[in-house]
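Each chain is listed here by its residues.
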Amino acid sequence: TVLAAGVHIGGKKIAVVGTHLEVKSSSTRQKQSKMITDFIRDAVAPNYAEYIVGGDMNACWNSDAVKNFMSDGQMKEVFSALKAPYPKYTCWAGTTIDFLLANSKLAGNLAGAYNYHTVASDHLPVIADILLDAAKD
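Residues numbered from 1 in each chain as written. Predicted model: local features only at pLDDT ≥ 70, side-chain atom pairs only at ≥ 80, totals over all residues. Heavy atoms only, no water.

S.K.: Looking at this model, I keep getting lost on unusual backbone geometry. Mind explaining?
M.R.: For residues that are not glycine, phi is negative in most cases, and the peptide bond is trans in most cases. The phi angle at Asn58 is positive, at roughly 50 degrees, despite the residue not being glycine. Backbone geometry at Lys83 places phi at a positive 55 degrees, although glycine is not the residue there. Its place among the elements puts Lys83 in the loop between helix H3 (78-81) and strand S5 (98-103). Under the relative-accessibility criterion, Lys83 is labelled exposed at 77%. (Helix = DSSP H or I, 4+ residues; strand = E, 2+ residues; numbered from the N terminus. Buried < 20%, exposed > 50% of the residue type's maximum accessible area, 1.4 Å probe, protein only.)

Written as structure tokens, this is what we have:
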């Protein structure tokens, strides 16, 4: 599942892409993440200089599905981009399976990244602060 939207904030066009990868099959998650990165390359990046991707990847940091998003060097995971420690878990099962990635242009303008503890869901939101005024057109 993937959902993409363009938003206009302060005169900037930013694409926001959300996904929820398959739960049971790692090979299916890998195929899905590849399809999403192809979609971003072909449909998002030509129209938006800045974009962010987030979602429940149902996979850990070192999985092929998550690595697909960063394989071409155009996207960076927000905690890594900030050289900040990643949360020990992003869901109440005690695993880190939720990620937020920014393209290189936005990743250079990150001001912070964190997750929020809530009982409203079995997942904890992964949040990033981005300085949009710092982003160059």
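S.K.: Please explain the environment of Ala111 as it appears in this structure.
M.R.: Checked against the element boundaries, Ala111 lands in strand S6 (residues 110-115). Take Ala111: its relative accessible area is 49%, and that puts it in the partly exposed class. Distance from Ala111 to Ala43, taken between C-alpha atoms, is 27 Å for residues 68 residues apart in sequence. Setting aside anything within four residues of it in sequence, one finds Ala111 in contact with Leu82, Asp129 and Leu131. (Contact = heavy atoms within 4.5 Å.)

S.K.: What am I meant to see in the sheet that holds strand S1 (residues 2-9) here?
M.R.: Sheet strands associate in pairs through backbone hydrogen bonding, adopting either a parallel or an antiparallel arrangement. Spatial ordering of the open sheet is given by S1-S2-S3-S5-S4, a layout of five strands whose pairing is mixed. With partners counted over all chains shown, the strands left at the sheet margins are S1 and strand S4 (75-77), one partner each. Across the sheet, the mean angle separating the axes of adjacent strands is 20 degrees when strand polarity is ignored. With eight bridges joining them, S1 and strand S2 (residues 12-20) adopt antiparallel strand pairing. Considered in S2, the bridge of Val2 is made with Thr19. (Pairing = 2+ DSSP bridges. Axes fitted to C-alpha atoms, helices over the stretch in contact; angles between N-to-C directions.)

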